[in-house]
Structures are given as structure tokens and as C-alpha cells.
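# Survey of secondary and tertiary structure
Residue strings, one per chain:
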Amino acid sequence: MTRPRELHSFLAPQLQAYLELRRRLGYISTRSCALQFDHYLTFREIVSVEGITEALVMDWIHAASGRAPGTKNSLLSFARSLLRHLVRVGLARENPAERIPVFQGEPRRKPYVYSLHEIGRILKEAGKLKALFPKRLLGWSLQTMILLIYACGLRRGEALTLRIKDVDFEERTLALWNTKFHKERIVPFSAEISAKLSAYLALRNERRPHDGREAPFFWWDASPCPKHLVTRHFRSILVRCGLRKSAGLGPRLHDLRHAFATHRLYKWYQDGKDPLNRLPWLTTYMGHVNIEKTQVYLTVTQTLLREGDRRFQDAFEGLAQKALSRARRAKP
């Protein structure tokens with residue numbers, strides 16, 4: 001069945017107004033949930049707000065079999081927020097969705113933090129595509145994009161929508177527009193990254209000399225880099241590096257952003273700086289909507305420190321004990 005693209009239920013004007021309000025406030029779009037809810041109201045022939053009961057919301061959430069708990073909770077969150085809005089503007093007397101408990105499921109997957117060695121292997125494997133497809137920009141685009149995502153902590157979509165004019169080589173900054181939560185930010189990059197981007201752009205201009213500054217920075221073959229092919233090629237690279245099996249869960253492209261944040265905090269720790277005090281800098285740099293989103297990396301960094309301490313003890317504790325024993329025997 002084809003999914004609806006327009007709102008048709010009795011609640012359509014209110015749904016549209018609610019979506020517009022969220023957009024102006026900078027929240028992520030929930031149009032997909034709104035379309036599904038609107039379609040379900042039409043299907044059930046609901047013609048008034050009084051018909052939106054706790055049972056109806058539950059039926060809507062469970063309408064499609066096999067929905068994961070996370071998906072159900074996303075729909076529940078939408079219903080709660082929408083009905084809360086209707087109560088606030090005086091169109092509903094209560095919010096029946098508030099009585100529905102959160103669905104329990106698998107714990108949220110922890111981010112995978114690539115090591116510097118693993119990132120080096122990934123970049124090397126991506127570089128092999130240059131020799132396999134010498135007449136295509138595939139290998140150069142993928143390798144440069146992977147490097148930029150890690151070096152600047154970008155989201156995949158931010159790298160894919162980057163335009164030539166958004167890269168300022170004089171100031172060494174990226175201008176990111178209309179990113180997640182409709183935020184915009186300027187991201188600085190190092191001289192080393194500048195050299196890599198400049199070399200890629202020179203090759204891109206040589207292959208496609210007629211593209212203007214409005215054109216996407218990263219180009220595939222006959223079109224800008226499609227996100228599904230970027231993801232597919234990246235997963236293949238991880239398989240060849242032994243970091244992921246051909247099927248099932250495993251590290252993702254987005255985990256390069258997690259690695260950037262964790263490595264940055266770890267570097268501050270090594271330099272004797274307090275990572276907690278510098279957390280607001282990282283929040284701004286990464287474009288998080290609030291500092292709570294960035295605090296998760298403190299936990300990841302502390303885990304890395306504990307793991308590093310454990311590995312150090314495992315590797316050198318035995319040697320230290322032997323050296324201490326020899327020193328005691330040699331003591332007069």
C-alpha cells in the first residue's frame with residue numbers, strides 16, 4: 001500500500017499547524033508520524049477529538065505487526081506531544097496518551113568508538129577503490145568524505161549536502177546549513193584537512209570543470225553521492241577490514257562522529273585539561289541541541305580510560321612483579 005503524502009482527516013488543519021510550530025521552534029520533523037496518524041484517523045472514521053481515546057492510540061501504535069519497541073515509543077511520543085498541544089490550545093480536554101506506559105525493549109545501542117589504527121585501515125581500504133575505478137570519483141570521494149566526517153565530527157547528511165562554496169580554504173572553515181534541528185554552524189578544520197580537501201577538489205574540478213560553486217562538494221559518477229550507496233560501500237569496507245560481518249549489527253559510518261567526540265575528550269584529558277569544563281565547546285562544535293547530548297561521550301571516554309588502565313596492568317603487571325622480585329633478591 002502506498003503511504004499517504006497529504007493530510008486528509010478531520011484533524012488535518014491542526015496537524016499541519018502543529019508541524020509548522022515544531023519547524024519554527026527548530027525541532028526535528030515528525031511529518032511521517034503525522035501522516036500515519038492522519039491516515040489511521042481516516043481509516044477508523046474518527047471525526048472528532050473525543051474519538052481519540054487511549055484505546056485508539058494503542059491500536060494505532062500496534063496497527064503494523066513487527067514494530068520494534070523503539071518505533072512504538074516514537075509513535076507514542078508523537079501522540080503524547082500532539083495531544084498535549086491540542087489540550088494547550090483548547091481543542092482537547094485531556095491527553096489519553098499520557099496514560100500509556102513506555103514500551104520496553106532492547107537497550108539503546110552504545111556507540112562504537114573506532115581506534116586511530118582502525119580509522120587508518122578504513123581510509124586505506126577506501127583508497128583501494130581509486131585503483132579499481134580509476135575513471136570514477138568513487139574512491140576519492142569516499143576516502144575524503146570518511147576522513148572529513150571523522151576529522152570534523154560531521155553527520156553523514158552534513159557531508160553529503162556540503163557544497164563547493166561552503167568550504168572556505170582561506171579561513172579553513174565549513175559552513176553547514178539546515179542541519180539537524182534546523183541548526184546552522186561554522187566548523188573549522190586543520191591545515192592537514194585543508195590540504196586533503198584541496199587535492200580532492202582539484203581532481204573533482206578536473207573531472208567536472210563546468211560545475212559551479214553551488215554544486216555538491218562530493219560527487220559520485222553521474223550524480224551527487226547517494227546516501228544509501230555511501231552507507232553500502234562503507235559497510236563493505238568494514239567487512240574487508242574485519243570490523244563488521246556481512247549481515248547483522250555492527251559499526252556504522254555515524255560512529256566516526258562518535259569517535260571524533262571521544263578522541264577529542266580523551267586528548268583534552270591527556271593534555272591535562274578538564275574535559276567537563278570544555279564540554280560546551282564540543283556541544284557547539286558538533287551542533288548538539290543541548291549539552292546533555294554531548295555528556296554521553298564523557299561516559300564513553302571514562303570507559304576507554306578504564307579499559308586502557310586494565311590493558312596496561314595486564315601487559316606490565318607481570319613484568320613489574322618479576323623486576324621487583326629480582327630487586328628484592330639483589331638487595332644486600
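Throughout, a residue's number is its position along its own chain's written sequence, starting from 1. Residues qualify for local features only when their pLDDT is at least 70, as the model is predicted, and side-chain atom pairs are given and counted only at 80 or more; totals for whole chains, interfaces and linings, by contrast, use all residues. Hydrogens and waters are ignored; side-chain quantities use all the structure's heavy atoms.

## Focus on the sheet that holds strand 2 (residues 173-176)
Quick note on the threshold: Criterion used throughout: strands pair if DSSP finds at least two bridges between them. What counts as a helix is a DSSP run of H or I of at least four residues, what counts as a strand is a run of E of at least two, and both are numbered from the N terminus.
In spatial order, the strands read 1-2-3; together these 3 strands make up an open sheet with antiparallel pairing. Looking at the sheet topology across the chains shown, the edges are occupied by strand 1 (167-168) and strand 3 (185-188). Taken together, the 4 bridges between strand 2 and strand 3 define a ladder with antiparallel strand orientation. Each residue of the ladder has a partner; that of Ala-175, found in strand 3, is Ile-186.

## Some details on helix 10 (residues 255-270)
To keep it simple, the criterion reads: Under the convention used throughout, the expected extent of a helix is 1.5 Å for every residue step, that is, one less than its residue count. Each residue is assigned to one of three classes by its accessible area relative to the maximum for its type, calculated with a 1.4 Å probe on protein chains only: buried under 20%, partly exposed between the two thresholds, exposed over 50%.
With 16 residues, helix 10 ought to run about 22 Å at 1.5 Å a step, and its terminal C-alpha atoms sit 22 Å apart, in line with that. Regarding helix 10, the residues found buried are Asp-255, Leu-256, Arg-257, His-258, Ala-259, Phe-260, Ala-261, Thr-262, His-263, Leu-265 and Trp-268. Among the residues trailing helix 10, Gly-272 stands out with phi positive, at a value near 80 degrees.

## A few points about the packing of aromatic side chains
Keep this limit in mind: Only the six-membered ring of Trp is used, alongside the rings of Phe and Tyr, when aromatic pairs are assigned; centres must lie within 6.5 Å, and planes under 30 degrees apart are stacked while those over 60 apart are edge-to-face, with the rest tilted. Two thresholds decide whether a charge sits over a ring: the Lys NZ or Arg CZ must be within 6 Å of the ring centre and within 35 degrees of the ring normal.
Taken as a whole and assessed by the stated rule, the structure comprises 11 aromatic pairs. Ring geometry for Tyr-200 against Phe-218: centres 5.4 Å apart, planes inclined by 40 degrees, an arrangement best described as tilted. Here Tyr-200, found in helix 8 (residues 191-207), pairs with Phe-218, found in the loop between helix 8 and helix 9 (227-240); they are 18 residues apart in sequence, far enough to count as distant. By the burial criterion, Tyr-200 is buried, and Phe-218 matches it. For the pair Phe-260 and Tyr-285, a centre-to-centre distance of 5.4 Å together with 25 degrees between the ring planes defines the contact as stacked. You can see Phe-260 sitting in helix 10 and its partner Tyr-285 sitting in helix 11 (residues 279-286), a full 25 residues away along the chain. Taken together, Tyr-18, Phe-37, Trp-60 and Phe-78 form an aromatic cluster joined through their ring pairs. Over the ring of Phe-103 we find Lys-72; its NZ or CZ atom is 5.7 Å from the centre of that ring.

## Thoughts on unusual backbone geometry
In this structure, Glu-45 is a non-glycine residue whose phi angle is positive, near 60 degrees. Locating Glu-45 in the fold gives a position in the loop between helix 2 (31-43) and helix 3 (54-61). For Glu-45, a relative accessible area of 66% translates into the label exposed. Despite not being glycine, Arg-172 shows a phi value in the positive range, around 55 degrees. One can find Arg-172 in the loop between strand 1 and strand 2. On the accessibility criterion, Arg-172 (35% relative accessible area) is partly exposed.

## Observations regarding the pattern of salt bridges
Spelled out, the test is: When a carboxyl oxygen of Asp or Glu lies within 4 Å of a side-chain nitrogen of Lys or Arg, that pair is called a salt bridge.
In this structure the tally under the stated criterion is 17 salt bridges. When salt bridges with common partners are traced through the structure, they connect Arg-163, Lys-165, Asp-166 and Glu-214 into a single cluster.

## Focus on the nonpolar core
The criterion, for reference: As used here, the term nonpolar core means buried Ala, Val, Leu, Ile, Met, Phe, Trp, Tyr and Cys residues forming a set that is joined through side-chain atoms within 4.5 Å. We call two residues in contact when some of their heavy atoms are within 4.5 Å.
In terms of nonpolar packing, the biggest core is built from 57 residues, with Tyr-114, Ile-122, Ile-146, Leu-148, Leu-174, Phe-217 and Leu-256 touching the most fellow members. Broken down by secondary-structure element, the contributors of at least two residues to this core are helix 5 (116-132), helix 6 (138-152), helix 7 (156-160), strand 2, helix 8, helix 9, helix 10 and helix 11. By residue number, the principal contributor to this core is helix 6, which donates 9 residues. With residues near it in sequence (within four places) discarded, Ile-146 still touches Ile-122, Leu-123, Ala-126, Phe-234, Ile-237, Leu-253 and Leu-256. Ranked by size, the runner-up nonpolar core spans 30 residues in total, among them Leu-11, Phe-37, Leu-75 and Leu-83.

## Overview of helix 11
Note the following rule: Arc definition: it is the arc formed by the directions from the helix axis to the C-beta atoms.
Among all positions in helix 11, only Leu-279, Leu-282, Thr-283, Tyr-285 and Met-286 are buried. Buried residues of helix 11, viewed axially, fall in a sector of 165 degrees; they line one side. Turned more than 90 degrees from where helix 11 packs its buried face, Trp-281 and Thr-284 sit exposed. Once helix 11 ends, the next one or two residues include Gly-287, with phi positive near 75 degrees.

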